Amino acid sequence: MLAARTGAAGGQISEENPKLRKLSGFSVGSKDKSPKKAAENGKDSSLSPLGQTQLRARQLALVREVEMNWYLKLWELSTEHTTAYTTGMPHRNLGKSGLRVSCLGLGTWVTFGGQISDEVAERLMTIAYESGVNLFDTAEVYAAGKAEVILGSIIKKKGWRRSSLVITTKLYWGGKAETERGLSRKHIIEEIVRAMTHVINQGMAMYWGTSRWSAMEIMEAYSVARQFNMIPPVCEQAEYHLFQREKVEVQLPELYHKIGVGAMTWSPLACGIISGKYGNGVPESSRASLKCYQWLKERIVSEEGRKQQNKLKDLSPIAERLGCTLPQLAVAWCLRNEGVSSVLLGSSTPEQLIENLGAIQVLPKMTSHVVNEIDNILRNKPYSKKDYRS
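All values reported here derive from a predicted model rather than from experimental measurement.

Novice: Go over the overall build of the protein with me, naming the residues and quoting the values.
Specialist: Across its full length, the protein holds 15 helices and 12 strands. Across the 390 residues of the protein, 52% fall into the buried class. Only carbon and sulfur atoms are counted for the fraction: they give 52% of the accessible area of the protein, which is about 19,000 Å².

Shown next as structure tokens:
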């Protein structure tokens, strides 16, 4: 269960909207062991926070590979029996927990119970599941609760093993009554850390994390959990894309190193801005043309928005050279950050989802040279002098 900062129902969920900065919550399925303090070996002052996280991720991947090979040998199986092998979908640990999640997940904001029909929602989930996706994200506020119901109904109809899925939901905006929203114990069954511990102890969730919390707030929650022998958060759900980098590339690596909190990111296409459809303005049939998305239209037509569109045009030749679309390049760029446990996709059509899932094939092409090319165009790479290893 994610305790997250989020916006009002149906409204903008963006760091740029100060009026909508409220808390919310998230629940995941699998048992957790409290993250242990990382070993202090191999301190290299030349490694940035992101570099430290990527090194640790590679080390964990090697350990995971050894464990998997041992397990397969024990039961006389081969890698052909694993989901990752049959679908090509990489899986990563959620922070330093033992929970394995597909590096691409499917989100339900705006789409399920709203923009698309139940039939299309089922088609999207089927495509994702058959492509190796095991992470599905929703929230109680999405479509006034309908998104959660639709997602659950599809899982039941398809007969998928619940143990093979990781379902995350977020709490804060519930009903209209004061007691039906927020993060009070009455709403989510007292204070956030105590309430989340209760939810997990009662078997209603297996992990909890945060969404849109500051690094200081996450650290405070962890400290409270340790002080009173409760369960700490395992991940932060944060916005991350070509034009939003600071939090995921500077702040979260520090939290990963210190307390094991991983990153689950959303909006890899910046609410469609990186899709390329806004290159010549706002099409009438687009999301930004809707009245309730006036904030998105204002962002696109602003001076900064025009600069972003120019940068996207400069990135197009790189995508063409790699044999992919601009959205695939953008998603693969997010995935190249090994500190990211999973990237949540939001699609309204099967074609969009299939295209975005194709980013997995682009990931091996994201060499340091390509990443540097992209950085030279974006010119927004965050830098931190902080040495958090002590």
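That covers the picture; the talk isn't over yet.
Novice: Which residues make up the packing of helix 8 (residues 215–227) against helix 9 (residues 246–259), and what values go with them?
Specialist: Across the interface, helix 8 lies against helix 9 with an axial gap of 10 Å and an inter-helix angle of 15 degrees. With respect to helix 9, the axis of helix 8 lies roughly parallel. As helix 8 packs across helix 9, the resulting crossing turns out to be right-handed. Here helix 8 contributes A215, I218, M219 and Y222 to the contact with helix 9, which in turn contributes Q251, L255 and I259.

Novice: How would you sum up the nonpolar core? Please name residues and give values.
Specialist: If you look at the biggest cluster of nonpolar residues, it comprises 89 residues, and the most contacted ones within it are L104, F112, L242, M366 and I374. Looking at this core element by element, the count peaks at 8 residues for helix 12 (residues 326–335). With near-sequence residues (within four places) excluded, I374 lies in contact with L242, L315, I318, L329, W333 and M366. L99, V234, C235 and W266 belong to the second largest nonpolar core, which has 11 residues in total.

Novice: Could you give an account of helix 7 (residues 192–201), with specific residues and numbers?
Specialist: Here helix 7 lies mainly inside the structure; 7 of its 10 residues are buried. The set of residues buried in helix 7 consists of I192, V193, A195, M196, T197, V199 and I200. Looking one or two residues beyond helix 7, the residue adopting positive phi is G203, at roughly 80 degrees.

Novice: Tell me about the pattern of salt bridges, and name the residues and values.
Specialist: Per the stated rule, a full pass over the model turns up 9 salt bridges. K157 is the partner of E122 in a salt bridge, and the nearest nitrogen-oxygen pair spans 3.0 Å. Pair noted here: E122 is in helix 4 (residues 118–130) and K157 is in helix 5 (residues 146–158), with a separation of 35 residues, a long-range link. Exposure remark for E122: the relative accessible area of 18% places this residue in the buried category.

Novice: Requested: an account of the packing of helix 4 against helix 5, with residues and values cited.
Specialist: Two numbers describe how helix 4 lies on helix 5: the axes approach to 10 Å, and their chain directions differ by 60 degrees. Two packed elements cross with a definite hand, and for helix 4 against helix 5 that hand is right-handed. Of the residues in helix 5, those in contact with D118, A121, E122, M125 and T126 of helix 4 are I150, L151, I154, I155, K157 and K158. Residues that form the contact of helix 4 with helix 5 fall into these classes: 6 nonpolar, 1 polar and 4 charged.

Novice: Report on the pairing of strand 10 (residues 235–239), specifying residues and quantitative values.
Specialist: For strand 10, the buried fraction is high: 5 of the 5 residues fall into the buried class. With burial as the criterion, each face of strand 10 is covered, one bearing C235, Q237 and E239 and the other bearing E236 and A238. Both strand 9 (residues 207–211) and strand 10 contribute to a ladder of 2 bridges, which runs parallel. Bridge assignment links T210 to a residue of strand 10, and that residue is E236. Pairing analysis gives 5 bridges linking strand 10 to strand 11 (residues 262–266), with the strands arranged parallel.

Novice: Explain helix 8 residue by residue, including any values.
Specialist: For helix 8, with 13 residues, the first-to-last C-alpha span of 18 Å sits near the 18 Å given by 1.5 Å per residue. All buried positions along helix 8 are accounted for by I218, A221, Y222 and A225. For helix 8, the angular spread of the buried residues around the axis is 100 degrees, confining them to a single face. Away from the buried face of helix 8 by more than 90 degrees, exposed residues M216, E220 and Q227 are located. Following helix 8 by one or two positions, N229 adopts a phi angle in the positive range, close to 55 degrees.

Novice: Requested: an account of the packing of aromatic side chains, with residues and values cited.
Specialist: Summed over all chains, the structure comprises 4 aromatic pairs. With 6.4 Å between their ring centres and 70 degrees between their planes, W208 and W213 make a pair best called edge-to-face. As far as the burial class goes, W208 and W213 line up, both buried. Taking the centre distance of 6.0 Å and the plane angle of 50 degrees together, the rings of Y293 and W295 count as tilted. The burial state of Y293 is the same as that of W295; both residues are buried. It is R336 that lies over the ring of W333; its NZ or CZ is 4.2 Å from the centre.

So, how was this worked out
Residues numbered from 1 in each chain as written. Predicted model: local features only at pLDDT ≥ 70, side-chain atom pairs only at ≥ 80, totals over all residues. Heavy atoms only, no water. Helix = DSSP H or I, 4+ residues; strand = E, 2+ residues; numbered from the N terminus. Buried < 20%, exposed > 50% of the residue type's maximum accessible area, 1.4 Å probe, protein only. Areas by Shrake-Rupley, 256 points an atom, 1.4 Å probe, with all protein chains shown as cover. Axes fitted to C-alpha atoms, helices over the stretch in contact; angles between N-to-C directions. Parallel < 35°, antiparallel > 145°, perpendicular 65-115°, else oblique. Left-handed = near helix turned anticlockwise from the far one by under 90°. Contact = heavy atoms within 4.5 Å. Core = buried A, V, L, I, M, F, W, Y, C linked by side-chain atoms within 4.5 Å. Salt bridge = Lys/Arg side-chain N within 4 Å of Asp/Glu carboxyl O. Nonpolar A, V, L, I, M, F, W, Y, C, P; charged D, E, K, R; others polar. Pairing = 2+ DSSP bridges. Expected span 1.5 Å × (residues − 1). Arc of directions from axis to C-beta. Phe/Tyr/Trp six-rings, centres within 6.5 Å; stacked < 30°, edge-to-face > 60°. Lys NZ or Arg CZ within 6 Å of the ring centre and 35° of its normal.

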